[in-house]
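Below, each chain spelled out in residue letters.
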Amino acid sequence: MTTTADVRTPVADPASTGVESRSTDRSVASIFLTPVLLILVLAGLYIYVHSKTLDSIERRSLNTPFLTARVLEHIRLTAVSTVLVILIAVPLGILLTRPSMRRATPFALGVVNVGQAVPSIGVLVLLALSFGIGFKYAIIALVLYSFLPVLRNTMAGLQRVERSLIDAGRGMGMTKRLVLTKVELPLAVPVMMAGIRTALIINVGTATLATFTNAHGLGDVIDAGLKLDRRPVLITGAVLVAVLALTIDWLAGLAERVLRPRGL
Amino acid sequence: MADRSGSASSSGGTGGEVISLQGLTKRFPGQRENAVDSLDLEIPAGEIVVLVGPSGCGKTTTMRMINRLIEPTSGKIVIGGEDVTKINSDQLRRRIGYVIQQVGLFPHMTIADNIAVVPRLLNWNKPRISERVDELLELVGLDAGAYRGRYPKELSGGQQQRVGVARALAVDPPVMLMDEPFGAIDPITRDRLQNEFLRLQETIRKTIVFVTHDIHEAIKLGDRIAILDKGSRPAQYDTPEQILAHPANDFVVDFIGPGASVRSLGLTNLADIELDKIPVVELADSIDKARALLARAKQDRAVIVDGDRRPRGWRRAADLEQGMSSGGGPLAILRRSQTVHDALNELLRTGDTIAAIVDSDGRYEGALRLETIMGLTAHADAARAPVKDAQPVAAQRGDAG
């Protein structure tokens, strides 16, 4: 019969491959469009700042080591809070979609909804007032605030998996755990990733407010620009936050594309 | 016994195993009546047993209790002599093939990976899995080279269900459960898949429990049919021929519906009946010879065949005046492998009263007259003695008079 080796024959269907390659062409263009635009914006910002003669106050904010430190702080706030959200919300979402937990679902969603409904600055300030200030509490606030999209999308992604696929898996003798890891989670990945992407964007934006609880980040630059009435500082802070947010969104988009299972 | 049922030998048909349901009962929480009520059913090895009944009769529940996707409230399931009611249900399901209406192929896995699910659960090594995948794809009529790397969405509904069947057969289980597997497929493809399925079963000889609500499908596929009433109570459990000819009670009569005699024609192959003999005239023969043949046979017409004995048309004595090559309407031609039902259908289509029956090479073997078909149904009707005063019969009489 056939050789035992796993022969990967290319799909010999001109119609389907044609469609596929066309759509990839278009998306390849869009993948490169965003970074090009972002680099142009940064270059514009650089030219703008250098065209000005900066006073000593401005120079204190607008120098490479200071800005690099703020950007890194901002990334750290975003990354740590998002990872924590994923670590907590994804397992919780899985748990809440198990048939045995169905009763707890509305209650849990209600609680998480409250976190989302309170304005982010309110959560930050309330936490700062009741616990203290600094990185740790900023992180808690960010986690609370971006929890809902990840939880809700994890649940929605899992609930959208067709019952017949789970039935087929169980009917073939896959254990519940195998059905979860091999069927339900891979199929839920696109919806889950959309939630994680939303959480990332929320966290990049909200991390700007962390400056008010002494957790630094790019909010420091914007805050300095406002308080000291220095327009170049304010613009630099705002543009950097915007570019960082769009970069992270772009990276998340790439991740979505890579992690999306083939065949869907 | 137990070790035989556990082994899943590689290729070829191990054949099936007897399934015995003993006092099988299911009551869902919060319901007053049993969904399945103390069902006793013996499913012979290597046969297709169709569970058929109105919706809500418990046929699917019954099937899903055999692989314990639904745990029975009480009763016993015995497969190949082994009581499987209490053993590990995941292990049990790996030795029972399972095919569902929605097919349930995993969209994120290739066709090969879909088929390999159960072999992987049983820790087969890679070369063995790969070989088995190719073998199964060929078995269900798909080119392994072209399809193993594709994803389910790239296949048509009919192709997907073939893969569904291949996946269920992956570890050569002695028992297969099929829940309306062809229900969501267009009628033409369904008919073809049913025929292929019957051919496949001739080689694999599995014990197959097949659920459908379609009595036509049950009659076509079943070696035996269990017509189930509420609570999965068997109203009749017999061969299709027996059920059509001797329905046990009014419920069965109602369920098989009017036209049972027509449907029973679908069970009779043209190869199994005696064909009518009419004169055969070759195209090359003279008109006089044809006329003489007709006169001698005392028949109203003759069949014209060409040099390869392929039927070309009918000629009545009157037609012969106009020469050998003219006259005659469209010709109903059927192969001996087709059924009497097909013949009747063809006659209705051509508006003729006689059909030519040919062998697999298209050579003329004999004729089948409409009257002969009528005789067959009359015979079947006479056998169906205990029919109640059904309305269709009265209506027919009214029409005639």
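Residues numbered from 1 in each chain as written. Chains lettered and ligands numbered in written order. Predicted model: local features only at pLDDT ≥ 70, side-chain atom pairs only at ≥ 80, totals over all residues. Heavy atoms only, no water.

1. Some words on the sheet that holds strand S1 (residues 19–26) of chain B
Residues and elements named next belong to chain B. To keep it simple, the criterion reads: Any two strands with at least two DSSP-identified bridges between them are counted as paired. Helix and strand assignments follow DSSP, with helices taken as H or I runs no shorter than four residues and strands as E runs no shorter than two, numbered in order from the N terminus. In what follows, residue pairs with any heavy atoms lying within 4.5 Å of each other are defined as contacts. Interaxial angles span 0 to 180 degrees and are taken between N-to-C directions of axes, which are lines fitted to C-alpha atoms, for helices over the stretch in contact.
The antiparallel open sheet is built from four strands, whose spatial order is S2-S1-S4-S5. Only two strands of the sheet have a single partner each, and these edge strands are strand S2 (36–43) and strand S5 (82–83). Sheet topology note: the S1/strand S4 (residues 74–79) ladder contains five bridges and is antiparallel. Each residue of the ladder has a partner; that of Ile-19, found in S4, is Ile-79. Along the sheet, helix H2 (residues 59–66) contacts S1, S2 and S4; its crossing angle with S1, the most-contacted strand, is approximately 120 degrees.

2. Observations concerning the environment of Glu-135 of chain B
Residue and element names in this part refer to chain B. Basically, it comes down to this: Exposed residues in this analysis have more than 50% of their type's maximum accessible area, buried residues have under 20%, and partly exposed residues fall in between, with area computed by a 1.4 Å probe over protein chains only.
With respect to the helices and strands, Glu-135 occurs in helix H6 (residues 126–139). Assessed through its relative accessible area of 22%, Glu-135 is described here as partly exposed. Linking Glu-135 and Ala-170, residues 35 residues apart in sequence, is a C-alpha distance of 9.5 Å.

3. A closer look at the pairing of strand S6 (residues 96–100) of chain B
Residue and element names in this part refer to chain B. The element S6 is extensively covered by neighbouring structure, given that five of its five residues are classed as buried. Residue alternation in S6 divides its side chains into two sets, Ile-96, Tyr-98 and Ile-100 and Gly-97 and Val-99, and both sets are buried. Of the pairings in the sheet, the one linking S6 to strand S7 (residues 175–179) comprises five bridges and is parallel in character. Looking at S7, one finds that Tyr-98 is bridged to Leu-177.

4. Quick notes on the pattern of salt bridges
Stated precisely, the cut-off is as follows: Each salt bridge in this description consists of a side-chain nitrogen of Lys or Arg and a carboxyl oxygen of Asp or Glu lying within 4 Å of one another.
Per the counting criterion, the structure on display carries 27 salt bridges over all chains. Among the ionic pairs, Arg-170 of chain A bridges to Asp-90 of chain B, the shortest N-O distance being 3.2 Å. Taken as a pair, Arg-170 of chain A in helix H7 (residues 163–171) and Asp-90 of chain B in helix H3 (residues 89–94) lie in two separate chains rather than in one. Measuring nitrogen to oxygen at the nearest pair gives 2.8 Å for the salt bridge that ties Glu-82 of chain B to Arg-95 of chain B. Here Glu-82 of chain B is found in strand S5, whereas its partner Arg-95 of chain B is found in the loop between H3 and S6, with 13 residues between them in sequence. Residues joined in a network through salt bridges with shared partners are Arg-70, Glu-73 and Asp-220 of chain A.

5. Observations concerning helix H8 (residues 176–206) of chain A
Here is the rule we go by: Expected span, for any helix, means 1.5 Å times one less than how many residues it has. Two axes enter the bend calculation: one fitted to the seven residues ending at the residue in question, the other to the seven starting there, and the bend is the angle between them.
The terminal C-alpha atoms of H8 of chain A lie 38 Å apart, and with 31 residues this falls more than 12% below the ideal 45 Å at 1.5 Å per residue. Approximately 55 degrees is the largest bend angle found in H8 of chain A, and it occurs at Val-189 of chain A, with the proline Pro-190 of chain A only one to four residues beyond.

6. So, empty space enclosed by the protein
Empty space among the atoms becomes visible once a probe the size of a water molecule is rolled across them. All names here are of chain B. Where we set the bar: Cavity and pocket criteria rest on a 1 Å grid covering protein atoms alone: a 1.4 Å probe that fits but cannot get out defines a cavity, protein on both sides within 12 Å along at least 5 of 7 lines defines an open pocket, and an atom within 4 Å of a point defines a lining residue. Grid points are joined across faces, edges and corners, and a volume is the space filled by probe spheres set on the points. Put simply, Ala, Val, Leu, Ile, Met, Phe, Trp, Tyr, Cys and Pro go in the nonpolar bin, Asp, Glu, Lys and Arg in the charged bin, and everything else, Gly too, in the polar bin.
Applying the stated criterion to the full structure yields one cavity of 30 Å³ or more. As for the largest cavity, its lining consists of 13 residues, of which Ile-96, Gly-97, Val-118, Arg-167 and Ala-168 are closest to the centre. Every element with two or more residues in the lining of the largest cavity is listed here: H3, S6 and helix H8 (157–168). With three residues, S6 is the largest single contributor of residues to the lining of the largest cavity. Residue composition of the lining of the largest cavity, by class: eight nonpolar, two polar and three charged.

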